[in-house]
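# Observations on the three-dimensional arrangement
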Amino acid sequence: MRKTGRKGKTMNIRNLFQTARSVTIEIEDGGFYQSVRDCEIYVNGVFYQRTGRTVKGIYGLLPDTEYEILAREGDEEECIFVHTDTENFTLNVRDFGAKGNGIQDDTPFIQAAIMACPRNGRVLIPEGIYRIISLFLKDDLKLELAKGAVLSADTDRTRFPILPGMIEGWNEKSEYNLGTWEGNPLDMFAGIITGIQVKNVVIYGQGMIEGNASADPLNWWYNEKVKLIAWRPRMIFLNRCENIVVEGIRVQNSPSWNIHPYFSKHLRFFNLTILNPKISPNTDGLNPESCKDVKIIGCCFSLGDDCIAIKAGKIYMGSKYRVPCDDIVIRQCFMGDGHSAVTLGSEMAGGVRNLTVSECQFVRTDRGLQIKTRRGRGRDAIIDGIHFENIYMERVLTPFVINSFYYCDPDGHTDYVRTKEALPVDERTPEIRRLNFRHILCDDCEVAGAFFTGLPEKKIREIHMEHIHIKFAKDAKPNIPAMMDDLEPCCRLGIYALNVAKLQLEDVTIEGQEGEPFILNNIDTLIR
């Protein structure tokens, strides 16, 4: 992992988040995910840890106590003073009957501690391996997974509760949606940790949630495209929740998407590590769907699908509820090995707006930014206000992809979706408006620097690229730049743009491309 960032920026330290027992700090020194130099952390003058990460959790603190936290890089240092939160009671799950021996099913004992926890208390899961199925959250809960604590999920799907996709109201007009699968209201198994309409919850610590998924027969990744009883569970599923923080923990080997907030708001995901094998199916890292006010800061992703995918329903949920994903901040994250570092779509019928991604590293992903949409998503499927800034990419096959012909769904290969001829604009037509890319360095790309394709009947309104440097790998291999029909493999293709109303290129350089650096078709306004 490369140390990279903006040179010449002095160090600053901020309190990102705190509980009664922990503080999460962000070190600003110009680094992207990693600090420019390794940093020493001191707590009340005592050495705590040496770290190379810009976001760091400090644990084992006492409630209602003043602490001085100092960060030192070489001869430069900064400190902050933190007064930890109050806490009245700790409920240790061992006192409720949990054994943490990896043999007993500890689900009922941990659930009992959760339900019994008072408002200003915490549920502590100490070191040990706790076999569980689904745990359900409640309001005003702090759940700490201590260092060495592992919530180890069962893989016997017959033991998991089912969340029905849609329950019809007694008046045959209202509906209650619990389960979801790829943007549609469908029956799914409850998540390993599930929150339904809960508020003010913190899940934090140095422990781990282990999904135990594999491709073994009857395990979750076997025949992954076949619904067996219900669709596969998430590791953390948050349905219509509010004021949720997930901090510090490690999440790995998920049955499907790792963390899935759904129709929720005011969400914080700090200092997480989310790991799945590169070959694991549908194991997206963190997928906010129709959510508002989401911050994802200091997280590490390495998995088998999109690292972060911003979604807003397929067709039914998007057009009926019309709830976009709005006000999303992604900062100081590392994305490795996935299909895309950050994806918008393809289920985004409710729209995506006001997304900012900054100070991140993308390494060995197939694509950096990817927008996936298509005819049929609908007139509410508007993408607007997308900002990518201060990003380093290495060995990303195609750093920038906008694909308005994504061939998903049963009709994905029909003429309606795939044709490059202009069709009438109607209630099925999506729209891409404004995108900004600034201060981005892309090393050792292989396929294309940027591949932008809008609809001929509804062109991409505006793309602004400023201070972008793309360098192609000498050993680059041909590949398909986007998942759309009628494409041939390419290699070292510079910037390809089709059906863009306004394209502004300012200090954009491409090194090592084959052929012309810019292939621009149907650009109404080009500024260079």
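A brief look at the structure comes next. (Residues numbered from 1 in each chain as written. Predicted model: local features only at pLDDT ≥ 70, side-chain atom pairs only at ≥ 80, totals over all residues. Heavy atoms only, no water.)

### Some words on the overall build of the protein
- The secondary structure content of the protein amounts to three helices and 43 strands.
- Here the C-alpha atoms of the protein give a radius of gyration of 23 Å, agreeing with the 24 Å that 2.2 N^0.38 yields for 528 residues.
- On the principal axes, the C-alpha backbone points of the protein span a range of 70 × 70 × 40 Å.
- Contacts spanning at least 24 positions in sequence make up 73% of the contacts within the protein whose residues lie at least 6 apart.
- Counting 64 positive and 72 negative side-chain charges, the protein places the centres of these two groups 1 Å from one another. (Helix = DSSP H or I, 4+ residues; strand = E, 2+ residues; numbered from the N terminus. Rg over C-alpha atoms; globule rule 2.2 N^0.38 Å. Contact = heavy atoms within 4.5 Å. Lys, Arg positive; Asp, Glu negative; His and termini not counted. Charge placed at Lys NZ, Arg CZ, Asp CG, Glu CD.)

### Focus: the nonpolar core
- Ranked by size, the top nonpolar core spans 103 residues in total, and within it Phe-301, Ile-330, Phe-362, Phe-388, Phe-400 and Phe-437 carry the most contacts.
- Per element, the largest residue contribution to this core is seven residues, and it comes from strand β42 (residues 493-511).
- Sequence-distant contacts of Phe-388, that is, excluding residues within four places in its chain, are made with Val-342, Leu-355, Val-357, Phe-362, Leu-369, Asn-436, Phe-437, Arg-438 and Ile-440.
- The next biggest cluster of nonpolar side chains, apart from the first, holds 15 residues, and it includes Ile-13, Val-43, Tyr-67 and Ile-69. (Core = buried A, V, L, I, M, F, W, Y, C linked by side-chain atoms within 4.5 Å. Buried < 20%, exposed > 50% of the residue type's maximum accessible area, 1.4 Å probe, protein only.)

### A look at a nonpolar patch on the surface
- Together, Ile-162, Leu-228 and Ile-229 make up a nonpolar patch on the protein surface, roughly 240 Å² of accessible area in all.
- Relative to the elements of secondary structure, Ile-162 occurs in strand β15 (residues 162-163).
- Owing to a relative accessible area of 39%, Ile-162 belongs among the partly exposed residues under this scheme. (Patch = residues over 30% accessible without salt bridge, like charges linked within 9 Å, V, L, I, M, F, W, Y side chains within 5 Å. Areas by Shrake-Rupley, 256 points an atom, 1.4 Å probe, with all protein chains shown as cover. Salt bridge = Lys/Arg side-chain N within 4 Å of Asp/Glu carboxyl O.)

### What to know about the sheet that holds strand β12 (residues 135-136)
- Taken together, four strands build an open sheet; the order of strands is β12-β19-β22-β25 and the sheet is parallel. Each of the sheet's edge strands pairs with one partner strand only, and the pair in question is β12 and β25 (259-262).
- Judged from the two bridges that link them, β12 and strand β19 (residues 193-196) form a sheet pairing that is parallel. When the sheet's bridge partners are listed, Phe-136 is paired in β19 with Thr-194. (Pairing = 2+ DSSP bridges.)

### Observations regarding the packing of aromatic side chains
- Applying the stated rule across the entire model yields 15 aromatic pairs.
- Their ring planes at 70 degrees and their centres at 5.6 Å tell us that Tyr-42 and Phe-47 sit as a pair that is edge-to-face.
- Overall, Phe-47 belongs to the partly exposed group, its relative accessible area being 44%.
- Relative to Phe-263, the ring of Tyr-262 lies with its centre 4.8 Å away and its plane at 90 degrees, an arrangement referred to as edge-to-face.
- Using a relative accessible area of 14% as the deciding quantity, one classes Phe-263 as buried.
- Taken together, the aromatic side chains of Phe-237, Tyr-262, Phe-263 and Tyr-321 make up a single cluster linked through ring pairs.
- The ring of Trp-257 has Arg-234 sitting right over it, with the charged end atom 4.6 Å from the ring centre.
- Positioned above the aromatic ring of Tyr-321, the side-chain terminus of Lys-320 is 5.9 Å from the ring centre. (Phe/Tyr/Trp six-rings, centres within 6.5 Å; stacked < 30°, edge-to-face > 60°. Lys NZ or Arg CZ within 6 Å of the ring centre and 35° of its normal.)

### Some thoughts on empty space enclosed by the protein
- In total, this model carries one cavity of 30 Å³ or more according to the counting rule given.
- Estimated volume of the largest cavity: approximately 50 Å³.
- Looking at the largest cavity, the residues that line it are Thr-373, Ser-404, Pro-430, Glu-431, Ile-432, Gly-454, Leu-455, Lys-458, Lys-459 and Ile-460.
- Among the residues forming the lining of the largest cavity, the class breakdown is four nonpolar, three polar and three charged. (1 Å grid on protein atoms, 1.4 Å probe; cavity = no way out; pocket = protein on both sides within 12 Å on 5 of 7 lines; lining within 4 Å. Points joined across faces, edges and corners; volume = space filled by probe spheres on them. Nonpolar A, V, L, I, M, F, W, Y, C, P; charged D, E, K, R; others polar.)

### Looking at the layout of surface pockets
- Taken as a whole, the largest pocket holds about 770 Å³ of empty space.
- For the lining of the largest pocket, a count of residues per class yields nine nonpolar, seven polar and 15 charged.
- Here the second largest pocket is characterised by a volume of approximately 280 Å³.
- Along the walls of the second largest pocket sit 16 residues, with Lys-56, Tyr-59, Gln-206, Gly-248 and Asn-271 positioned nearest its centre.
- Going through the elements one at a time, β4 (46-53) and β5 (55-58) are the ones with two or more residues in the lining of the second largest pocket.
- Of the residues belonging to the lining of the second largest pocket, the class tally is four nonpolar, eight polar and four charged.

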